[in-house]
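Coordinate inspection notes
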Amino acid sequence: GESVGLHLPTLSVQEGDNSIINCAYSNSASDYFIWYKQESGKGPQFIIDIRSNMDKRQGQRVTVLLNKTVKHLSLQIAATQPGDSAVYFCAENRGPGNQFYFGTGTSLTVIP
Amino acid sequence: DAGVTQSPTHLIKTRGQQVTLRCSPKSGHDTVSWYQQALGQGPQFIFQYYEEEERQRGNFPDRFSGHQFPNYSSELNVNALLLGDSALYLCASTLAGVKYNSPLHFGNGTRLTVT
């Protein structure tokens, strides 16, 4: 099947610590990547995106790193909060058009 | 500004039946994509509609069909339901046109249970 995968299906962190969620992708032609957060009973929520001509992008408390050499994507969350507990997905756009392929997801649990 | 809305939120059907799910895109968006999300899995791309035509399709059988209306809203139809069709069906919309580098905006989905 499509190969956008996550290495760690579950991750538990202490409140206030930094979190790192990893993702591997297989299609070297993919040119656009997005991280989504999905809470129980809701649809995926956009967090941050990055184009293939970049290797780092920062948002509010989040940073995405892209390593095209090894086809690896990571999401870093600074000062993790209980509200960050959710399932996180990476998605790649292989084009043309906005046809995205999603990984299995990583469940992040923040321990108060 | 209304986001993506989907109806119904939950649905229970019997094997062999047909189902129609509905989606209204985010205001200003004209491209609608449908995804199937099985429990514990990531969303899987079904198809995408733009200008009332199916533009892209994932690896789903012809039992899955759709439609887009002039107001950009969309329907997903599934015929001859199987138990394996039980899933969360997500609708997502994007900013004007079929183009690269536009994030998908998702609705909260329709939970379909086939018994």
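Here's a quick rundown of the structure. (Residues numbered from 1 in each chain as written. Chains lettered and ligands numbered in written order. Predicted model: local features only at pLDDT ≥ 70, side-chain atom pairs only at ≥ 80, totals over all residues. Heavy atoms only, no water.)

**With respect to the pattern of salt bridges**
Side chains carrying opposite charge are able to pair once their charged atoms draw close together. So the rule is basically this: Salt bridges are defined by distance alone: a side-chain nitrogen of Lys or Arg within 4 Å of a carboxyl oxygen of Asp or Glu. Put simply, DSSP marks the helices as runs of H or I at least four residues long and the strands as runs of E at least two long, and each gets a number from the N terminus on. Only protein chains enter the accessibility calculation, which uses a 1.4 Å probe. A residue is then buried if its area is under 20% of the maximum for its type, exposed if over 50%, and partly exposed in between.
Under the criterion given, the structure shown has seven salt bridges over all chains. In this structure, Asp49(A) engages Arg57(A) in a salt bridge whose closest nitrogen and oxygen atoms are separated by 2.1 Å. Two residues, Glu75(B) and Arg22(B), come together in a salt bridge whose shortest N-O distance is 3.4 Å. Pair noted here: Glu75(B) is in strand β8 (residues 74-78) and Arg22(B) is in strand β3 (residues 19-24), with a separation of 53 residues, a long-range link. A relative accessible area of 42% means that Arg22(B) is categorised as partly exposed. In the salt-bridge network here, residues are joined through shared partners; they are Glu51(B), Glu53(B) and Arg55(B).

**A closer look at the nonpolar core**
Selection criterion: For the purposes of this section, nonpolar cores are sets of buried Ala, Val, Leu, Ile, Met, Phe, Trp, Tyr and Cys residues that join through side-chain atoms within 4.5 Å. Contacts are assigned to residue pairs that have any heavy atoms within 4.5 Å of one another.
Ranked by internal contacts, the top residues of the largest apolar core, which has 20 residues, are Trp35(A), Leu73(A), Leu75(A), Tyr88(A) and Leu108(A). At the level of elements, β2 (10-14), β3 (19-25), β4 (32-38), β5 (45-51), β7 (62-67), β8 (72-77), β9 (86-93) and β11 (106-111) of chain A are the ones that each hand at least two residues to this core. Leaving out residues up to four positions away in the same chain, Leu75(A) has contacts with Ser19(A), Ile20(A), Ile21(A), Trp35(A), Ile47(A), Ile48(A), Val62(A), Thr63(A) and Tyr88(A). By size, the runner-up hydrophobic cluster in this structure holds 19 residues, among which are Leu21(B), Ile46(B), Leu76(B) and Cys91(B).

**Concerning the interface of chain A and chain B**
Using the following cut-off: Joining two parts hides part of their accessible area as seen by a 1.4 Å probe, and the buried area is that hidden amount summed over both. Ten residue types, Ala, Val, Leu, Ile, Met, Phe, Trp, Tyr, Cys and Pro, are classed as nonpolar, four, Asp, Glu, Lys and Arg, as charged, and the remainder, Gly among them, as polar.
The partner chain B presents 25 residues to the 24 residues of chain A that form the contact. Across the chain A to chain B interface the summed buried area is about 1,900 Å²; carbon plus sulfur atoms make up 49%. Area buried by chain A at its contact with chain B is led by Asn98(A), Gln99(A) and Phe102(A), which between them contribute 30% of it. At the boundary of chain A with chain B, the tally comes to zero salt bridges. Taken together, the elements giving at least two residues each to the side of chain A that touches chain B come down to β4, β5, β9 and β10 (100-102) of chain A. Per element, the largest residue contribution to the side of chain A that touches chain B is four residues, and it comes from β4(A). A breakdown of the residues in the side of chain A that touches chain B according to their chemical character gives nine nonpolar, ten polar and five charged.

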